[in-house]
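A structural walkthrough
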Amino acid sequence: MFKILHFFKMLFLLTTYYPFIALFDFTVEKKKEYRSKGITINLNYSNCKLYRISEHKISHSKHIIYFSNHRSWGDFFIDNVVTEYCSKFITRIEVVYILPLYVYICGHLITDLIIFFKRGKTSISEFEKLIKHNQLNNASGNDILVYPEGTRRSGLDYACDLKKGLIYYAYKENCPIQFIISKNKENFLNEKRLTAEKNVNVFVHYSGIYYPDFTKYRSMQEFYDFINAEWKTTFNAIYSTDHESKIHEYQQIDATKTHDDNYYINKSMLYGIRFAIVSAVVLIPAILLR
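For clarity, every value in this text was computed on a predicted model and none was experimentally measured. (Residues numbered from 1 in each chain as written. Predicted model: local features only at pLDDT ≥ 70, side-chain atom pairs only at ≥ 80, totals over all residues. Heavy atoms only, no water.)

Thoughts on the packing of helix 6 (residues 124-136) against helix 7 (residues 165-173)
In plain terms, the rule: Every axis in this analysis is a line fitted to C-alpha atoms, fitted for helices over the stretch in contact. Angles between the N-to-C directions lie between 0 and 180 degrees. Numbered from the N terminus, helices here are DSSP runs of H or I no shorter than four residues, and strands are runs of E no shorter than two. Roughly parallel means an angle under 35 degrees; roughly antiparallel, over 145; roughly perpendicular, 65 to 115; everything else is oblique. Here a crossing is called left-handed whenever its near helix is offset anticlockwise from the far helix by less than a right angle, and right-handed whenever the offset is clockwise. Residues are treated as being in contact if the distance between any of their heavy atoms lies within 4.5 Å. Each residue gets one of three labels, nonpolar for Ala, Val, Leu, Ile, Met, Phe, Trp, Tyr, Cys and Pro, charged for Asp, Glu, Lys and Arg, and polar for the others, Gly among them.
Running from amino to carboxyl end, helix 6 crosses helix 7 at an angle of 55°, the nearest separation of the two axes being 11 Å. Taken together, helix 6 and helix 7 sit at an angle that is classed as oblique. Relative to helix 7, helix 6 is oriented so that their crossing is right-handed. Seen from helix 6, the contacting residues are Phe 127, Glu 128, Ile 131, Lys 132 and Gln 135; seen from helix 7, they are Leu 166, Tyr 169, Lys 172 and Glu 173. Along the lines of polarity and charge, the residues of the contact of helix 6 with helix 7 split into four nonpolar, one polar and four charged.

Okay, here's the thing in structure tokens:
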């Protein structure tokens, strides 16, 4: 029971309390600073540490697409850190109704962190136009991060075939790809087990950059076959290694580090959100007590 209560406490802190507090922090002016403050506080509270286990580091090449492994809800917090707060997530519009403050107000309106789509109602061409629009109209310095496995795979420590959509898109639009595969993310926050562990070490592997070389890969399928094979080899190597015993060999990732933090929050919109929240806090009790 205690573990379940701790899970809901962490979920509340991550998605409601700290985003709400940050809304009224008048010292925060930049989008990535807003994101980093709340996540860093939670990582410190949980004593969660991240370690880079690869030779390569995060790349910020133009129009790069990050491929990350999907483990749990903890991904959306950890993957912010490992990209130096340069990730932009793609999620179903239905998530807005579950976490309106974190997902829509903070994630979409304030920090330009999330792209919404309607599952089952968005065609492939519409989806690709949505991705391209966000790449060409980048108002926050964020690059697309996707979970190419297509579903959460908590507890499944072996690689699966990747979905083809974004690999085909990367080939057609000449977008570089980088793998960011992290081990133990689901221990930080796991909605299936309803657990949020403390003292978790997350081990992060950054791949090299994969370019869709048209002379080497004559078709989208050839490029997909290559990326799919590389993913499986990399994933299985990471998950079959005992990293805890070699932790002293790895460099700890600075959870406060942001890249290209030159994008300011829209003050007019922020003031409007603050006014709406304060008005609701004042008016709702008044109406109920009439």
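This is not the end of the story, as more comes after the structure.
Thoughts on helix 3 (residues 75-82)
Quick note on the threshold: For every residue, the accessible area obtained with a 1.4 Å probe (protein chains only) is divided by the maximum for its type, and the residue is called buried under 20%, exposed over 50%, and partly exposed between those limits.
Within helix 3, seven of the eight residues are buried, which leaves it mostly tucked inside the rest of the structure. Within helix 3, burial applies to Asp 75, Phe 77, Ile 78, Asp 79, Asn 80, Val 81 and Val 82. Immediately beyond the C-terminal end of helix 3, within one or two residues, lies Glu 84, with a positive phi of roughly 60°.

Quick look at the side chain of Ser 154
To keep it simple, the criterion reads: Counting of polar contacts relies on pairs of N or O atoms within 3.5 Å, with two restrictions inside protein: one atom must be capable of donating a hydrogen and the other of accepting it, and residues adjacent in sequence are counted only when both atoms are side-chain atoms.
Mapped onto the elements of the fold, Ser 154 is located in the loop between strand 5 (143-146) and helix 7. Residue Ser 154 is classed as buried on the basis of its relative accessible area of 17%. There is a polar contact of 3.1 Å between the side chain of Ser 154 and the side chain of Asn 190. What Ser 154 contacts, discounting residues up to four positions off in sequence, is Arg 71, Glu 186, Asn 190, Lys 192 and Arg 193.

Details of the state of the cysteines
Throughout this description, disulfide means a covalent bond between two cysteine sulfur atoms. This is how it is decided: Criterion for a disulfide: a pair of cysteine sulfur atoms at a distance within 2.5 Å.
Applying the stated criterion across every chain, the model contains zero disulfides. Free cysteine: Cys 48, not disulfide-bonded; nearest cysteine sulfur from Cys 86 at 19 Å. Residue Cys 175 stays outside any disulfide, its sulfur separated by 16 Å from that of Cys 86, the closest cysteine.

With respect to the sheet that holds strand 2 (residues 65-68)
Basically, it comes down to this: Pairing between two strands is assigned when DSSP locates at least 2 bridges connecting them.
Strands sit in the order 4-3-5-2-6-7-1-8 across an open sheet of eight strands; the sheet is mixed. The open sheet has two edge strands with one neighbour each: strand 4 (114-117) and strand 8 (251-252). In this sheet, strand 5 lies alongside strand 2 in parallel orientation, the contact comprising two bridges. Each bridged residue has a counterpart across the sheet, and for Tyr 66 the counterpart in strand 5 is Leu 145. Of the strands in this sheet, strand 1 (49-52), strand 2, strand 3 (87-92), strand 5, strand 6 (177-183) and strand 7 (201-210) are in contact with helix 3, which crosses strand 3 at around 160°.

Digging into the pattern of salt bridges
Note the threshold: One speaks of a salt bridge when a side-chain nitrogen belonging to Lys or Arg is within 4 Å of a carboxyl oxygen belonging to Asp or Glu.
Tallied over the entire structure, the rule returns 13 salt bridges. The closest approach of N and O atoms between Lys 132 and Glu 173, which form a salt bridge, is 3.3 Å. In this pair, Lys 132 sits in helix 6 while Glu 173 sits in helix 7, placing the two residues 41 residues apart along the sequence. On the basis of relative accessibility, which here comes to 35%, the residue Lys 132 falls in the partly exposed class. The residue Glu 197 makes a salt bridge to Arg 193 at a minimum N-O spacing of 3.6 Å. Among the charged side chains, a salt-bridge network with shared partners connects Arg 71, Asp 157 and Glu 186.

Observations regarding the packing of aromatic side chains
How we decide: Pairing of aromatic rings covers Phe, Tyr and the six-membered ring of Trp, with a centre-to-centre limit of 6.5 Å; geometry is then stacked below 30 degrees between planes, edge-to-face above 60, and tilted otherwise.
On inspection of all chains with the given rule, the structure shows 22 aromatic pairs. Relative to Phe 179, the ring of Phe 67 has its centre 6.3 Å away and its plane inclined at 25°; by these criteria the two rings are stacked. Residue Phe 67 is located in strand 2, and its partner Phe 179 is located in strand 6; the two are separated by 112 residues in the primary sequence. An aromatic cluster of three or more residues is present, and its members are Phe 67, Tyr 171, Phe 179, Tyr 210, Phe 214, Tyr 217, Phe 223, Phe 226, Trp 231, Phe 235 and Tyr 239.

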